[in-house]
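# Structural overview
In case you want the letters, here they are:
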Amino acid sequence: MNRSAKFRKSRAVAAAPAVAVLALAATGCVSVFPSTSAIPMFAVPDPPPPVVADGGRSAPTGIEGAALEEAIVIGRVRVAPGASGRALRAEDVASGRLAFYSGGDLACAPEALVARRLRKAAVAMYPGAVVCDSSVAPRGVRATVFECWIEDFRLERDGDAWRFRTSGVVYRTAGASGSAGAGVASGSPAIVSSPFEAVVPVEAIGSGQPSPTAVAAAISRALGAIVPQ
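Let me sum up the structure you'll find in this document.

The rules behind these values
- Residues numbered from 1 in each chain as written.
- Predicted model: local features only at pLDDT ≥ 70, side-chain atom pairs only at ≥ 80, totals over all residues.
- Heavy atoms only, no water.
- Salt bridge = Lys/Arg side-chain N within 4 Å of Asp/Glu carboxyl O.
- Buried < 20%, exposed > 50% of the residue type's maximum accessible area, 1.4 Å probe, protein only.
- Helix = DSSP H or I, 4+ residues; strand = E, 2+ residues; numbered from the N terminus.
- Contact = heavy atoms within 4.5 Å.
- Core = buried A, V, L, I, M, F, W, Y, C linked by side-chain atoms within 4.5 Å.

### Digging into the pattern of salt bridges
Overall, the coordinates contain 12 salt bridges when judged by the stated rule. For E156, the salt bridge is made with R154, and the minimal N-O distance between the two is 2.9 Å. Exposure remark for E156: the relative accessible area of 4% places this residue in the buried category. Assessed through its relative accessible area of 17%, R154 is described here as buried. Residue R163 pairs with E156 through a salt bridge whose shortest N-O separation is 2.7 Å.

### Observations concerning the environment of R139
Note that R139 resides in the loop between β6 (130-133) and β7 (142-158). Linking R139 and A71, residues 68 residues apart in sequence, is a C-alpha distance of 9.6 Å.

### Let's talk about the environment of V200
Note on placement: V200 falls in strand β9 (residues 185-202). By relative accessible area, V200 is classed as buried at 6%. When the C-alpha positions of V200 and T166 are compared, they lie 9.0 Å apart, and in sequence the two are 34 residues distant. With sequence-adjacent residues up to four places away left out, V200 is seen in contact with R163, F164, A218, R221 and A222.

### Observations concerning the nonpolar core
One broad rule of soluble globular proteins: the nonpolar side chains tend to lie buried together. Among the nonpolar cores identified, the biggest contains 41 residues, and L88, F153, L155, F164 and I219 are the most heavily contacted of them. Among the secondary structure elements, those contributing two or more residues to this core are β2 (70-79), α2 (110-125), β7, β8 (161-176), β9 and α3 (212-223). In terms of residue count, the dominant contributor to this core is α3 (7 residues). Every residue in contact with F164, bar those within four places of it in the chain, is listed here: L88, F153, R154, L155, A198, V199, V200, V202, A218, I219 and A222.

Now the structure itself:
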């Protein structure tokens, strides 16, 4: 046998175990690479925009004359450590024990959901005003800045009943000027705080946990309690 023939034979022998491993992997008998399972995520639909009693939309009480030369700025949304992250916490009311909802994670973190709610609600409540995030806020215009603190953002289980709870405070700083995005004020702007709390039942079948669809619907309803006013 010449040298080239011996070389081909040695390569074939060396390749045989690899071929066998690949074949077994294809049948599910061998895992060559560690398996990873993606955590399912679910989106929360936007709640309807806030409306006034007469069915129309208007600027909230306390702010007058929102005009084109003014800006409504959505500033920082901060979250308490026990409410942060896209993994939704669930508390058993009877025992006080905390766990994570196993149906999936939020597609957006709580602070992103609340910021989006504030922004879209402000668009409806301040017709004619420029509404923007602090990162792109115009300079040199009078601005009203909304910020938010989220204290609670979790599921609760009480026996076989489930509910979603959120609470916190919306802060309004009026009369800021110069760099609207930073909330830099000339003088001392007025800061008004508006606490909010929402507890919404979550539909569940029997003693099982609610579906992601039911959880998302309850969160959406709860977000409706957060209004820039």
